[in-house]
Amino acid sequence: MRAIILVSGTVQGVGFRPFVYRTAKKYGLKGFVRNRADAIVEIQVEGDKANIENFTLSLKNAHPPLAKLDSLHIEYVESGDEFSDFTILGSSVERTRSGSVIPPDIAICDDCLQELHLAGNRRRQYFFITCTNCGPRFTTITAVPYDRPNTTMRQFPMCTDCHLEYTNPLDRRFHAQTIACQVCGPKATLLDNHGEAIETEDAILLASKLLTEGKIFAIKGNGGFHLSAFATKDEPIQRLRRNKDRRRKPFAIMARDLTSINEFAEINDHEQKILQSYVRPIVLLHKRNPFSLSNQISPELDTIGVMLPYSGLHCLIFDNRALSALVMTSANAPSQPIITNNKDAVDKLAGTVDYFLVHDRDIAQRADDSVLRSIDRTPVLIRRSRGYAPAPVLLPNPLRTRTLGFGAELNVTSCMILENHAFLTQHIGDTETIETSSFLDDAMQHLSRLIGFTPEVIACDLHPKFATTKIASALSERLGVPLRRIQHHHAHVGSLMAEHGVNEIVGIVCDGFGLGTDGTAWGGEILECYQEEFKRAAHLEQQPMIGGDLATRFPARMAAGILRKDPAIAEWLESHASQFPHGADEVQTILRQLENGEYIWTSSCGRVLDAVAAILNLSFERSYEGEPAMRLEATASGGRDLLELDEELDLPTIGTTKLVQSIYDSIPRHSPTDLAYSAQQYLAHALASAAIRIAEENGVKTIGFSGGVALNEHIAISIRKSISQAGFKFVSNKAVPPGDGGISLGQAYLASLN
Ligand SMILES: [Zn+2]
Ligand SMILES: [Zn+2]
Ligand SMILES: [Zn+2]
């Protein structure tokens, strides 16, 4: 009897064929296994029916840990007796199915880590050590099927020893496409800041030594370059900030191990598990007090983004015991994607770094590190990229239409929905430059080729000026498929609906900005959503943004707008004149703009948090996205609720003037910590109460919370508690970021319901 078995899911690049081989041998079956160009694995086996059945059972139940089987299709046919053995065949070009995909990058496994330090092992101290269970995948693959010629390893022909392992079914590198060693594989080189190679026996050892001396490095990783500096010294980090013109934006760090993390940050078992997972993301942790690393890493914040080493290269750097933690931040010019090639790195970073630690393997796809934080023991994604992309998000409800969503403007990803699989690209960034827009186009095309996807509908934001809107309309015209424009906050709720399979929900969405259906700036919304329809049921009070976008950059403008009726506001502005770039003149301009009504209106929650941060003297200029609100959150830590505001809801408007005014009036009597806490608590409480009332009145059973403000630990926990206590089902984003990195999923989902 012969069985033809087609396995789809994430089955290439995860040691699946070697596993099939061993299993077939175990049951005495003959035949073959091969990868196909549609990323599925095809198996043909001949033998006893009972053995074939046991074989397929093992495929389902005992497969390698990184393999994900979506479906296993079996067809029995007459035996042809043409096989004399079981073999792994070369890949076929056949493509009949779509939706299977290659895996994301996988952090170095324990076996490789052991070999890296094992005396006598031929890969001892070899930085590009990998096996069938670990190493780069997504960032090295140029096409499917996943075979060496379709990766950037094609430029490194295997030596005899590697080839022996590659062809030995009992070896753990049997058919490992990234197999390499000191003899045949990529080499690491140290360059000076002009790009000239520095002669040394061991580039990595010397680099780690120079790092301890305070030198700044650009280090080429698997998915792009990092900028790196010793994390306990102020000087190199200050210099890095000056060179990069990055004043306060926090840097992520890489720490040697959990013990070193414990010295400077608080870490619970849940966070520990995320840090050690094969994704190895950056996890936002609370700093310990006193803080043993440089205060220049995340100035004025109570959190720090930390990850563990995830490649052989990182592990070798940390073999230098003098290094406990390093700054490891994506190397990119402002508003540009992460740098991936050596020449570009030298051209663009020569003035920023002292040295380059590079290798000669090309990067096929960029991937920034993923970032998340654990809120109430639930992982919340801030950036979904390396280690996640291109693995699909599984949707509870399969969709009939193949839809492509393009995201908004900040933290863009694009998303392709194919039945119950939502494939998101890696993090693209802010698409305001040509470079990021072309990266978006490239990443989207690459992913659609990998999964065999062509859209039937395309979705984008309502904002006509976003680069993503322009790319989406051009593509819809070229392909002749309809374009659906989805309102920004509706798309945020859409991401919750897609993830949780609910089509009737009241969604609280709080962020910085999104264009509303009435043409004004929204950002503190409660939307009632039924299938693809929505209604703006309530929103935060509209407040003036004096000077438009300037009010986003200088939060005191926001504060002045909200407190415009307070006669003391002119005096307050004047006493803070030094905080404005043009001093007292600017204060006069602001007062005139206020009087002449030169402002636009916004219901943004982010802007209210900004205004409170300014009033509490925490932040007067936003040097990176979210800074004032993050400073407020850091200050609120450990505070108590003091405000006794009467919480009479007067929907559809949720008042915020009252809040900001009472914070302002309470400054002489209370600490900034308690006031910051109270402001967050008031917003959380008011939003939750409004959503509960709306849900009750309309008989809706589910309430969700999304948008960038959902990353605020206090607000997120408080909203969830109020809603659960009121007996509603509460949903939040788990598989995609609640910020704009998850919006492409919501757009695609809503457009496909249409
Ligand atoms: Zn490994
Ligand atoms: Zn070799
Ligand atoms: Zn948003």
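Residues numbered from 1 in each chain as written. Chains lettered and ligands numbered in written order. Predicted model: local features only at pLDDT ≥ 70, side-chain atom pairs only at ≥ 80, totals over all residues. Heavy atoms only, no water.

**Here we look at the overall build of the protein chain**
Tallying secondary structure elements over the protein chain gives 23 helices and 29 strands in all. For a compact globule of 754 residues, the expected C-alpha radius of gyration is about 27 Å, and the protein chain comes in at 27 Å, within 12% of that figure. C-alpha atoms of the protein chain, sized along the principal axes, occupy 90 × 60 × 45 Å. Relative to its full complement of 754 residues, the protein chain shows a buried share of 62%. A sequence separation of at least 24 residues applies to 72% of the contacts in the protein chain between residues at least 6 apart. The average position of the 76 basic charges and that of the 89 acidic charges among the side chains of the protein chain differ by 4 Å. (Helix = DSSP H or I, 4+ residues; strand = E, 2+ residues; numbered from the N terminus. Rg over C-alpha atoms; globule rule 2.2 N^0.38 Å. Buried < 20%, exposed > 50% of the residue type's maximum accessible area, 1.4 Å probe, protein only. Contact = heavy atoms within 4.5 Å. Lys, Arg positive; Asp, Glu negative; His and termini not counted. Charge placed at Lys NZ, Arg CZ, Asp CG, Glu CD.)

**A few points about the coordination of the zinc ion (ligand 1)**
For a metal with four tetrahedral donors the ideal donor-metal-donor angle is 109.5 degrees, whereas six octahedral donors ideally subtend 90 or 180 degrees. Those protein atoms acting as donors to the zinc ion (ligand 1) are C109 (SG), C112 (SG), C131 (SG) and C134 (SG), and they sit at 2.3 Å. Viewed at the metal, the four donor atoms of the zinc ion (ligand 1) are separated by angles of 104 to 118°, and the geometry they form is tetrahedral. (Donors = N, O, S within 2.8 Å, 3.2 Å for Na, K, Ca; no water. Tetrahedral: all angles 85-135°; square planar, octahedral: opposite > 155°, others 65-115°.)

**A closer look at the packing of aromatic side chains**
By the definition in use, this model includes nine aromatic pairs. Their ring planes at 55° and their centres at 6.3 Å tell us that F127 and F128 sit as a pair that is tilted. F128 shares its class with F127; the two are buried. Within the aromatic cluster, the residues linked to one another by ring pairs are Y21, F86 and F174. (Phe/Tyr/Trp six-rings, centres within 6.5 Å; stacked < 30°, edge-to-face > 60°.)

**Here's the deal with the state of the cysteines**
By definition, a disulfide links the sulfur atoms of two cysteines through a covalent bond. Tallied over the entire structure, the rule returns zero disulfides. Just so you know, C510 is unpaired, no disulfide at all, and the nearest cysteine sulfur is the one on C605, 3.9 Å from it. (Disulfide = S-S within 2.5 Å.)

**Structural notes on the pattern of salt bridges**
Counting across every chain of the model gives 32 salt bridges. Residue D369 is joined to R386 by a salt bridge in which the shortest nitrogen-to-oxygen separation is 2.8 Å. On the criterion of sequence distance, the pair formed by D369 in the loop between β13 (355–359) and β14 (371–375) and R386 in the loop between β15 (378–383) and β16 (393–394) is long-range, its members being 17 residues apart. Take D369 and R386: they sit in the same class, and that class is buried. Of the charged contacts, one joins R402 and E456 as a salt bridge, the two residues approaching to 4.0 Å between their closest N and O atoms. Of this pair, R402 sits in the loop between β16 and β17 (403–405) while E456 sits in the loop between α11 (434–451) and β20 (457–461); the two residues are 54 residues apart in sequence, bridging distant segments of the chain. Sharing partners across several salt bridges, the network here consists of R2, E46 and E82. (Salt bridge = Lys/Arg side-chain N within 4 Å of Asp/Glu carboxyl O.)

**Notes on unusual backbone geometry**
Cis rather than trans, the peptide bond between N289 and P290 has omega equal to 0°. With respect to the secondary-structure elements, P290 resides in the loop between β10 (282–286) and β11 (303–307). Across the junction of L651 and P652, the peptide omega takes the value 15°, indicating a cis bond. Checked against the element boundaries, P652 lands in the loop between α19 (627–636) and β27 (653–654). You will see that D81, though not glycine, has its phi angle at about 50°, which is positive. Turning to its location among the elements, D81 is positioned in the loop between β4 (68–77) and β5 (86–88). Judged by its relative accessible area of 68%, D81 is exposed. A positive phi angle is found at N411, which is not glycine, with a value near 45°.

**Let's talk about the environment of G523**
Note on placement: G523 falls in strand β23 (residues 521–530). Assessed through its relative accessible area of 0%, G523 is described here as buried. Counting along the chain gives 79 residues from G523 to T602, while the straight-line C-alpha distance between them is 7.3 Å. Sequence-distant contacts of G523, that is, excluding residues within four places in its chain, are made with H489, V509, C510, D511, S603, S604 and C605.

**Brief notes about the sheet that holds strand β1 (residues 2–10)**
Read from one edge of the open sheet, five strands run β4-β1-β3-β2-β5, paired in mixed fashion. Strand pairing shows two members of the sheet lacking a second neighbour, β4 and β5, which therefore form its edges. Strand after strand, the sheet turns through a mean of 15° between neighbouring axes, direction not considered. Judged from the six bridges that link them, strand β2 (residues 30–35) and strand β3 (residues 41–46) form a sheet pairing that is antiparallel. Following the sheet pairing, F32 is matched in β3 by Q44. (Pairing = 2+ DSSP bridges. Axes fitted to C-alpha atoms, helices over the stretch in contact; angles between N-to-C directions.)

**As for the packing of helix α15 (residues 555–562) against helix α18 (residues 605–615)**
For the pair α15 and α18, the least separation of the axes is 7 Å and the interaxial angle reads 100°. Regarding the angle of α15 to α18, the classification is roughly perpendicular. Taking contact as the criterion, the partners of P555, A556, M558, A559 and I562 in α15 are, on α18, R607, V608, D610, A611, A614 and I615. (Parallel < 35°, antiparallel > 145°, perpendicular 65-115°, else oblique.)

**Concerning the packing of helix α1 (residues 16–26) against helix α2 (residues 49–61)**
At a closest axis distance of 10 Å, the pairing of α1 and α2 adopts a crossing angle of 150°. It follows that α1 is roughly antiparallel to α2 by the angle criterion. Crossing handedness for the pair α1 and α2: right-handed. Between α1, through F19, V20, T23 and A24, and α2, the contact on the second element is made entirely by F55, S58 and L59. (Left-handed = near helix turned anticlockwise from the far one by under 90°.)

**Side note on the pairing of β23**
A large share of β23 lies buried, amounting to nine of its 10 residues. Bridge analysis of strand β22 (residues 504–515) against β23 gives nine bridges, and the strand direction is antiparallel. Bridge pairing in β23 links L515 to A521. Linking two consecutive strands that pair antiparallel, namely β22 and β23, is a turn of five residues; a positive phi of about 85° is found at G519 within it.

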